[in-house]
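Remarks on the overall topology
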Amino acid sequence: MADVQRQLDRVVSLMRAQQPVPAIGTVGLRRARFKEGYTPESVTALFDNIAEWQRQLNIQHEVYDVDTADQQSDDRSRLKWSREQQVWVREIAFTTTRFGSAYEVDQVDDFLDNVLRAMGNGEPLPNIQSAQFHMARTGRGGYDAAAVDHFLDQLERIRPLN
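Quick summary incoming for the structure in this document. (Residues numbered from 1 in each chain as written. Predicted model: local features only at pLDDT ≥ 70, side-chain atom pairs only at ≥ 80, totals over all residues. Heavy atoms only, no water.)

1. Thoughts on the overall build of the protein
A count of helical and extended segments in the protein gives 6 helices and 3 strands. The buried share of the protein, taken over its 162 residues, is 26%. By sequence separation, contacts in the protein at least 24 residues apart represent 76% of the contacts at least 6 residues apart. Accessible area of the protein: about 11700 Å², with a carbon and sulfur share of 51%. (Helix = DSSP H or I, 4+ residues; strand = E, 2+ residues; numbered from the N terminus. Buried < 20%, exposed > 50% of the residue type's maximum accessible area, 1.4 Å probe, protein only. Contact = heavy atoms within 4.5 Å. Areas by Shrake-Rupley, 256 points an atom, 1.4 Å probe, with all protein chains shown as cover.)

2. Some words on the side chain of E104
Its place among the elements puts E104 in the loop between β2 (102-103) and α5 (105-120). On the basis of relative accessibility, which here comes to 15%, the residue E104 falls in the buried class.

3. What to know about the nonpolar core
One broad rule of soluble globular proteins: the nonpolar side chains tend to lie buried together. Ranked by size, the top nonpolar core spans 20 residues in total, and within it V89, V108, F111, L125, V148, L152 and L155 carry the most contacts. Listed by contribution, the elements that provide at least two residues to this core are α5 and α6 (145-157). With 6 residues, α5 is the single largest residue contributor to this core. Look past the residues within four positions of V148 in its chain and what remains in contact with it is F94, Y103, V108, F133 and Y143. Counting residues in hydrophobic clusters, the runner-up holds 8 residues, among them V4, V11, L14 and I24. (Core = buried A, V, L, I, M, F, W, Y, C linked by side-chain atoms within 4.5 Å.)

4. Some remarks on the packing of aromatic side chains
Geometry of an aromatic ring pair is reported as the spacing of the ring centres plus the angle between the planes. According to the stated counting rule, one finds 5 aromatic pairs in the structure shown. Between F94 and Y143 the ring centres are 5.2 Å apart and the planes differ by 55 degrees, which places this aromatic pair in the tilted class. Here the residue F94 occupies a position in the loop between α4 (83-90) and β1 (96-97), and Y143 occupies one in strand β3 (residues 142-144), the gap between them amounting to 49 residues. No difference in accessibility class separates F94 from Y143, as the two residues are buried. Ring geometry for F111 versus F133: centroids 5.8 Å apart, planes at 80 degrees, classification edge-to-face. Taken together, the residues F111 in helix α5 and F133 in the loop between α5 and β3 connect sequence positions 22 residues apart. Here the two residues F111 and F133 agree in accessibility, since each one is buried. Among the aromatic side chains, those forming a connected cluster through ring pairs are W88, F94, Y143 and F151. (Phe/Tyr/Trp six-rings, centres within 6.5 Å; stacked < 30°, edge-to-face > 60°.)

5. Notes on the environment of G37
Here G37 is to be found in the loop between α1 (2-16) and α2 (40-64). As a C-alpha pair, G37 and V4 span 33 residues in sequence and 9.5 Å in three-dimensional space.

6. Focus on the sheet that holds β2
Spatially, 3 strands are ordered β1-β3-β2 in an open sheet, and the strand pairing comes out antiparallel. Single-partner strands in this sheet number two, and they are β1 and β2. The strands that α5 touches are β2 and β3; relative to β3, the one it contacts most, it runs at about 70 degrees. Of the strands in this sheet, β2 and β3 touch α6, which is tilted by about 65 degrees from β3. (Pairing = 2+ DSSP bridges. Axes fitted to C-alpha atoms, helices over the stretch in contact; angles between N-to-C directions.)

7. Digging into the packing of α4 against α5
Packed helices, taken two at a time, are described by the angle between their axes plus the distance between the axes. The contact between α4 and α5 brings their axes to 10 Å, and the two run at 165 degrees. Classified by the interaxial angle, the pair formed by α4 and α5 is roughly antiparallel. Taken as a pair, α4 and α5 cross one another with a handedness that is left-handed. Counting all contacts with α4, which are made through Q85, Q86, V89 and R90, the residues of α5 involved are L112, V115, L116, M119 and G120. (Parallel < 35°, antiparallel > 145°, perpendicular 65-115°, else oblique. Left-handed = near helix turned anticlockwise from the far one by under 90°.)

8. Some words on α6
Given a rise of 1.5 Å per residue, 13 residues ought to cover 18 Å, and the 19 Å separating the end C-alpha atoms of α6 matches this to within 8%. Among the residues making up α6, those that are buried are A145, V148, F151, L152 and L155. Looking straight down α6, one finds its buried side chains confined to an arc of 125 degrees; they lie on one side. Along α6, exposed side chains directed more than 90 degrees from the buried face belong to A146 and R157. (Expected span 1.5 Å × (residues − 1). Arc of directions from axis to C-beta.)

Honestly, that's just the spatial picture; any functional story needs more than this.
Shown next as structure tokens:
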């Protein structure tokens, strides 16, 4: 079990670093005869799934990296948002409140989804000045309006890398 966990930890660290995951062989894994452990078949199936995910990811990158004049001109016009900027937007966690000034959660989340979609597609951000959210009904709860407004002020100041 420790050998399998070590391999999985390695896979996770490679994925987090956005590095390719090489094929993982099961030949070098120790087999437990009288201890608890995973069945060799299940370990092989898991590592085969990881290899298939990596193969599909490679195919997606190959399709994305097609070298055509149109693609190159599109790439030049695409904005480049950093991974840190995208993570910052994705992981924002607003405090919720049932009383006081609060925005509807779904509306704020939808706006943030649009921001992330624009960043992922290399497009300009949606117009932050025109973002409008309904106030949450008292007692129902929503995102603290002051926190959302502060975040939007910060979001308005970020710029793409190019």
